[in-house]
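Single-letter residue listing:
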Amino acid sequence: NGMQSLKEHLYKVLVIGDLGVGKTSIIRRYVHQTYSSNYRATIGVDFALKVLNWDSETVRLQLWDIAGQERFGNMTRVYYREAMGAFIVFDVTRPTTFEAVLKWKEDLDSKLMLANGQSIATVLLANKCDQGRELTNSGIKMDQFCKEHGFIGWFEISAKENLNINEAANFLVKHIMATE
Ligand code: GDP
Ligand code: MG
């Protein structure tokens, strides 16, 4: 009918990382604008949809939230399928969760790649920055870490204080759209 149809994009985005790093809290904050300090572990997989107006286009981000215990099993292969991007999350108050970041990255890259053979766009999230900045204090080292290990970038965020989550998501979406 002559009307220009607006372009829509649907992106599956994974949110992975160790148990308790704040994956579910980040998604709730980002999608539902809520936060609770009551800890309740995710069972299996959860989904949430965030709709963004991107210039004159629509981006639907389908966020996949997996339970931390399921890592590195056969389960993750199914779960990763057809994802376009990922957040790997660690908790700035628990160094072991930062050490686990590389295991998550390896698990992801070994099980999933884009049609062009590249690994999917992955952003590193240092969550709970409301609790302190010791781990990520030196921005240069984190930049270096990202470069060495194939992260497109990193953000200090807080689901509790609602810091930097939108910025991190926009950064990932921008990157996916540019390379789609
Ligand atoms: P998940 O297992 O990775 O999904 O982690 P949850 O989202 O369930 O969060 C684990 C615990 O960390 C909960 O008690 C949250 O309230 C808490 N938490 C999550 N994000 C933050 C944050 O940004 N700051 C602080 N201080 N606590 C957080
Ligand atoms: Mg959870």
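The rules we used
Residues numbered from 1 in each chain as written. Chains lettered and ligands numbered in written order. Predicted model: local features only at pLDDT ≥ 70, side-chain atom pairs only at ≥ 80, totals over all residues. Heavy atoms only, no water. UniProt positions renumbered as here; feature names shortened; annotations may be inferred. Salt bridge = Lys/Arg side-chain N within 4 Å of Asp/Glu carboxyl O. Helix = DSSP H or I, 4+ residues; strand = E, 2+ residues; numbered from the N terminus. Buried < 20%, exposed > 50% of the residue type's maximum accessible area, 1.4 Å probe, protein only.

Looking up the protein in an unreviewed UniProt entry gives the name Ras-related protein Rab, with the organism given as Channa argus. In its Function (unreviewed entry) section, the UniProt entry covering the protein states "The small GTPases Rab are key regulators in vesicle trafficking." Here the protein is described in UniProt, under the heading Sequence similarities (unreviewed entry), as follows: "Belongs to the small GTPase superfamily. Rab family."

Asker: I'd like a description of the pattern of salt bridges, backed by residues and values.
Answerer: With the rule as written, the count across this model stands at 6 salt bridges. Note that D91 is salt-bridged to K128, the shortest N-O span being 3.0 Å. Pair noted here: D91 is in strand 4 (residues 85-91) and K128 is in the loop between strand 5 (121-127) and helix 4 (139-149), with a separation of 37 residues, a long-range link. The residue D107 makes a salt bridge to K111 at a minimum N-O spacing of 2.8 Å. Highlighted residues: D107 and K111, both in helix 3 (residues 95-111), separated by 4 residues, approximately one helical turn. D107 gets classed as buried once you look at its relative accessible area, which sits at 7%.

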